[in-house]
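Inside the fold
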Amino acid sequence: MSKEFETFYTSIGLSKEQAETLKEKYGVETYKAKSLEAACTAAQLSLGNSQVDTSPLNQTVVGENWSKACVSEPYCIIQPKTAQDVSKAIKTISHYGVKFAVRSGGHSPNPGWSSVGHEGILVDLQNLNQIDLSDDKKVASIGPGARWGEVISTLDAQGATVIGGRIPSVGVAGVILGGGYFHFIGQYGTAADNVKNFEIVLSDGTITNANSSVNPDLFWALKGGGPNFGIVTRFDLYTVPVRGIWYQASIYSVDQADAILEAYAKWQQNEGATDLKATVGLGISLDAISLGLVYSEPTTDQPSAFAPFRDLEPLMVAVPPTNGSITALTTIMAGTGAGADRHDYRAASTRIDAQLYKEVHAFWREKALAVREATGANQTFTIQPVPKNVAIQGEQKGGNPMNILKENHGWWTTIVDWNNEKDDDLVRSVSIQTGEKWKQLGDERGLSVPFIFMNDASRDQNPLASYGTENVNKLKQISQKYDASQLFQKQQNSGFLLSKV
Ligand SMILES: Cc1cc2nc3c(=O)[nH]c(=O)nc-3n(C[C@H](O)[C@H](O)[C@H](O)COP(=O)(O)OP(=O)(O)OC[C@H]3O[C@@H](n4cnc5c(N)ncnc54)[C@H](O)[C@@H]3O)c2cc1C
């Protein structure tokens, strides 16, 4: 038996007899030919049948991805239960040189990011879903496969709040590794900025930590650097002192779009920049506009921070002014992104300017209406407020690679929902052209912001490149240091990878 094979099988806990079986079946030196079969068998011997599903595949598990465009059937699925299991899985994937994808909540709509076909192995982290709170309630330890709905409600019941994702079904890992936009981002910074420690499995199977004193360069890189450095198996998050909150949501007519965008820009420039407890969720669909107002503490009256919206007459009040919990607000938001089989989103950033907002919205609306007529696709137009304090919080909490503009500005996104594969290109053309419009008009008027938010970025966008050359070079050095074999660049099926920058 070769030394390499002996080291490998011992490291994943196989006995000599099991290794002999593997050797007989696949051949030690010729394993490359049947590497996927060998890798899945080795993983099954190491982790057991309950964690490694070879065949026939369980379609409910395969079908976990949010968008059907991402569903594909891997050669086998590994569902680890501990970081040690993830380590064994990675050692096996590395030894056999096979392709793989990592999935936590499966909410990326980008095909191949968290799914892989018969040519690879899917590492599905849904069983790594711990939600623990420290005795002093200052740190919550969360598994990557937990969903934000459970995280928020479990912690809320124990008197704690973290900065995470707004929609209950979305996974923990993808949100944090891409930065993470939450209601209270203006006060506390991105979800990634509120991480105390990442537990991570590196490409050689080492289980290590990244925080401000251990592997601080890796800590910096993980705060928005995506799936480039290893498989994160636990996020230790600082809790924030937000308990009860105030919120209200109203529905407006699409004819009010210009007035709402004007009020929104005014709010972003003034109250939204100075009273960081206030945030606004704006969603413009083709039939109606929803405006959610959220304040990070209870109040008796509508906070004065929302004054710019007072003169707008809603069609209806969907959620009356309420002093409630973050769990209740998360439940209200559960419907976001539901209702069709295929999905996409897209990102752009912009400085604040009502005229620009109105022009880009009008451009988008005309195209989106025509495409709905042809395909039935639904689309929304959303601008998420990003006060200057988001960049400041990032700096104060140790820095991150995202290079977020230190000015009040906005991150545009769109969620696109449709049903038929044949319409993929036509439907996606609306958001692609709208992204180009943001850039063209923004460049002409000095209002462009290069940043592309990874968590809203579509398959053809390059969010990492938008972090700037200096940060990209630094990220590449960190990737070489912690992933000497470059497994996450070469064997990972797809994703926002540094090798594509
Ligand atoms: C309905 C909806 C609402 C959303 N709301 C928000 C929001 O409020 N705030 C926000 O910031 N974003 C939001 N997003 C965007 C979301 O952050 C991304 O879609 C994110 O990728 C989803 O994370 P996931 O774990 O569910 O995804 P997955 O598809 O499982 O993973 C996404 C990427 O992360 C990688 N990955 C997954 N787990 C790990 C791990 N443990 N270690 C290393 N890499 C890993 C995957 O390989 C893949 O490349 C929303 C998306 C949707 C669809």
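All values reported here derive from a predicted model rather than from experimental measurement. (Residues numbered from 1 in each chain as written. Predicted model: local features only at pLDDT ≥ 70, side-chain atom pairs only at ≥ 80, totals over all residues. Heavy atoms only, no water.)

**Considering the overall build of the chain**
Helices and strands together make up the secondary structure of the chain, namely 17 helices and 18 strands. Taken along its principal axes, the extent of the C-alpha atoms in the chain is 80 × 55 × 40 Å. Evaluated residue by residue, the chain yields a buried proportion of 59% over its 501 residues. The contacts in the chain between residues at least 6 apart in sequence include a share of 73% that link residues at least 24 apart. Carbon and sulfur atoms form 49% of the exposed surface of the chain, whose accessible area is close to 19,200 Å². In the chain, 44 positive and 53 negative side-chain charges are present, and the distance between their average locations comes to 4 Å. (Helix = DSSP H or I, 4+ residues; strand = E, 2+ residues; numbered from the N terminus. Buried < 20%, exposed > 50% of the residue type's maximum accessible area, 1.4 Å probe, protein only. Contact = heavy atoms within 4.5 Å. Areas by Shrake-Rupley, 256 points an atom, 1.4 Å probe, with all protein chains shown as cover. Lys, Arg positive; Asp, Glu negative; His and termini not counted. Charge placed at Lys NZ, Arg CZ, Asp CG, Glu CD.)

**What to know about the site of the ligand**
In the vicinity of the ligand lie 31 residues, with Val-102, Ser-104, Gly-106, Ser-114 and Tyr-345 positioned nearest. Contact distances for the ligand include 3.0 Å between an oxygen atom and a backbone N or O atom of Ser-108. Contact with the protein chains hides 96% of the accessible area of the ligand, taken as 960 Å² for the molecule alone. In terms of residue count, the dominant contributor to the shell around the ligand is helix H7 (residues 172-177) (4 residues). Broken down by class, the residue content of the shell around the ligand amounts to 16 nonpolar, 13 polar and 2 charged. (Near = heavy atom within 4 Å. Polar contact = N/O pair within 3.5 Å; in protein donor to acceptor, adjacent residues only side chain to side chain. Nonpolar A, V, L, I, M, F, W, Y, C, P; charged D, E, K, R; others polar.)

**Points about the pairing of strand E17 (residues 409-418)**
Burial runs high along E17: 9 of the 10 residues are buried. Sheet topology note: the strand E15 (residues 378-379)/E17 ladder contains 2 bridges and is antiparallel. By the bridge assignment, Asn-378 is partnered in E17 with Asp-417. The pairing of strand E16 (residues 382-386) with E17 spans 5 bridges and is antiparallel. Residue pairing across strands places Gln-384 opposite Trp-411, the latter belonging to E17. (Pairing = 2+ DSSP bridges.)

**Details of the state of the cysteines**
Here, the word disulfide means a covalent bond between the sulfur atoms of two cysteines. As enumerated under the stated definition, the model contains 1 disulfide in all. Lacking any disulfide linkage, Cys-70 is separated from the closest cysteine sulfur, that of Cys-76, by 20 Å. (Disulfide = S-S within 2.5 Å.)

**Structural notes on the pattern of salt bridges**
Pairs can form between side chains of opposite charge whenever their charged atoms are close. Counted according to the given criterion, the structure contains 19 salt bridges. In this structure, the salt-bridge partner of Glu-64 is Arg-147, at a minimum N-O distance of 3.2 Å. Separated by 83 residues along the polypeptide, Glu-64 in the loop between helix H4 (59-62) and strand E2 (76-78) and Arg-147 in the loop between strand E6 (139-142) and helix H6 (148-157) bring together distant segments of the chain. By relative accessible area, Glu-64 is classed as partly exposed at 29%. Classification of Arg-147 by relative accessible area gives buried; the value is 16%. Lys-277 is the partner of Glu-297 in a salt bridge, and the nearest nitrogen-oxygen pair spans 3.2 Å. (Salt bridge = Lys/Arg side-chain N within 4 Å of Asp/Glu carboxyl O.)

**What about the environment of Glu-407?**
Within the element layout of this structure, Glu-407 appears in the loop between helix H14 (389-396) and E17. A residue is classified by how much of its surface remains accessible, and Glu-407, at 32% relative accessible area, is partly exposed. Separated by 206 residues in sequence, Glu-407 and Val-201 have C-alpha atoms that sit 36 Å apart. Among all residues touching Glu-407, those that are not within four sequence positions of it are Arg-351, Val-386, Pro-387 and Lys-388. Polar side-chain contacts of Glu-407 include one of 3.0 Å to the side chain of Arg-351.

**Description of the UniProt feature "domain: FAD-binding PCMH-type" (unreviewed entry) in the chain**
When the UniProt feature table is mapped onto this chain, "domain: FAD-binding PCMH-type" (unreviewed entry) is found at residues 70-242. What you have in residues 70-242 is 24% helix and 23% strand, and the ends, taken at the C-alpha atoms, are 36 Å apart. (UniProt positions renumbered as here; feature names shortened; annotations may be inferred.)

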